[in-house]
Amino acid sequence: MNGSDKKEIRRHIETLRAGLTPEERASRECRVNERLTAWLKGQAARLRLSPDASAGTAPLPLKQPQETEDCPSHVYSGTTWSAGRETDGSCGSSGLPDLPIVLAYVPFRTECGIHRTIEACWEAGIRVFVPRSLHASRELLFHEIRQWKDLRKGMHGIMEPDPLSPALQDPLAAFAVLVPGLAFDTACGRLGYGGGYYDRFLEKLLQAAREEGRNAPLFAAAAFDVQLVERLPVEPHDIRLDVLITESAAYTRDPEADRKRGEGSDGAAG
Ligand SMILES: Nc1nc2c(c(=O)[nH]1)N(C=O)[C@@H](CNc1ccc(C(=O)N[C@@H](CCC(=O)O)C(=O)O)cc1)CN2
Ligand SMILES: Nc1ncnc2c1ncn2[C@@H]1O[C@H](COP(=O)(O)OP(=O)(O)OP(=O)(O)O)[C@@H](O)[C@H]1O
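Note that the structure is a prediction, hence the values are computed from the model and not measured. (Residues numbered from 1 in each chain as written. Chains lettered and ligands numbered in written order. Predicted model: local features only at pLDDT ≥ 70, side-chain atom pairs only at ≥ 80, totals over all residues. Heavy atoms only, no water.)

Student: Outline the confidence of the model for the protein chain, supporting the account with residue identities and numerical values.
Tutor: When pLDDT is low, close inspection of the predicted coordinates is not appropriate. In this model, the protein chain carries an average pLDDT of 83, and 78% of its residues clear a pLDDT of 70 or more. Taken together, the stretch residues 54-95 has pLDDT below 50 and engages in 82 contacts with residues farther than four places along the chain or on a different chain. Reported confidences for the modelled complex are a pTM of 0.85 and an ipTM of 0.92. (pLDDT = per-residue confidence, 0-100. Contact = heavy atoms within 4.5 Å.)

Printed below as a string of structure tokens:
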């Protein structure tokens, strides 16, 4: 495997993803968001039921692939964040420290929109943090957003949180990280845009969890079926997801298969 394999896959998948018609995209996004929201709420409920049970343990069973359901018309179906309704900031977080936290991202280019999921989190009292990229060090800092107005345009045209708002000091406090990506495989392998931002960030989280004897958050991705490839080339630094949710299925990582591939149980691929 070499870097050009990854580049070729990125080009191929970007073309496929951009080839979805607006109608296909809207209905698929709707189904992805329904599944992703249900999954997040299930994980958050599990934490609430058992406050001592940290994230990072085996995920609850996921819904099986379902037949296509029509999206209710009131559900967000646009492809740009600004088309979404703005909240008044009063729902969701009230600043209470014990509200569940999810690390999300603001979709860009032709990524599958997760705006409806973010809004559902606000409505359910799940705090949402999104990344700001530090380009020199290729690090990510996460800041809370409570409404779409909290965002401004950053590098690569990605909407980012206000750098003057406080960054999350303890990312291990999150119960889940929603990880963006370009291509995926059914073994929960993931390929991003080539910056290594998320691989570095997730590795740091896993390392901190090991050192502090805490559980790491669950790593989840949302994508369209067309972003799936047979098998991604993996390098030692590539971190596997715990779950991948598409419009027609949910794939969970199989620790036994990881063991046979010679990988550890903490998500690192090899
Ligand atoms: N929505 C979203 N936000 C995100 C990410 C993401 O993948 N999706 N990131 C995930 O990391 C970070 C931003 N990382 C990025 C890394 C590279 C490029 C980019 O445009 N790369 C060039 C190729 C560069 C190269 O090949 O060296 C390109 O694609 O043309 C964009 C964003 C943080 N925020
Ligand atoms: N944990 C890490 N520590 C140091 N360098 C890393 C780490 N993870 C990735 N890198 C470096 O980052 C670069 C990009 O890696 P890769 O192509 O796997 O990124 P990606 O998965 O597409 O990007 P991203 O994680 O931002 O979505 C590579 O040069 C890789 O060596």
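Student: Which residues make up the side chain of Asn-33, and what are the values?
Tutor: Along the polypeptide, Asn-33 turns up in helix 2 (residues 22-49). The buried category is assigned to Asn-33, whose relative accessible area is 7%. Once residues lying within four places of it in the same chain are set aside, the contact partners of Asn-33 are Gly-113, Ile-114, His-115, Arg-116 and Thr-117. (Helix = DSSP H or I, 4+ residues; strand = E, 2+ residues; numbered from the N terminus. Buried < 20%, exposed > 50% of the residue type's maximum accessible area, 1.4 Å probe, protein only.)

Student: I'd love a proper account of the site of ligand 2, names of residues and values included.
Tutor: Within the structure, ligand 2 sits among 15 residues, and Arg-10, Arg-190, Gly-194, Tyr-197 and His-237 are positioned closest to it. Side-chain polar atom of Arg-10 to an oxygen atom of ligand 2: 2.8 Å apart, as the coordinates give it. Contacts to ligand 2 include Arg-190, whose side-chain N or O atom sits 2.4 Å from an oxygen atom. If you list the elements that add at least two residues to the shell around ligand 2, you get helix 1 (3-18) and helix 4 (197-212). (Near = heavy atom within 4 Å. Polar contact = N/O pair within 3.5 Å; in protein donor to acceptor, adjacent residues only side chain to side chain.)

Student: Can you tell me about the side chain of Glu-160, naming the residues and giving the values?
Tutor: Structurally, Glu-160 is set in strand 5 (residues 159-161). The side chain of Glu-160 is buried and forms no salt bridge, while Arg-132, the nearest opposite charge, is found at 5.6 Å. Every residue in contact with Glu-160, bar those within four places of it in the chain, is listed here: Pro-131, Arg-132, Ser-133, Asp-150, Leu-151, Arg-152 and Gly-154. (Lys, Arg positive; Asp, Glu negative; His and termini not counted. Salt bridge = Lys/Arg side-chain N within 4 Å of Asp/Glu carboxyl O.)

Student: Please give an account of the pattern of salt bridges that cites residues and values.
Tutor: All told, the structure shown has 18 salt bridges when counted by the stated rule. Arg-25 is the partner of Glu-29 in a salt bridge, and the nearest nitrogen-oxygen pair spans 3.4 Å. Placement of the pair is Glu-29 and Arg-25 together in helix 2, with a separation of four residues, close to one helical turn. Residue Arg-25 is classed as buried on the basis of its relative accessible area of 8%.

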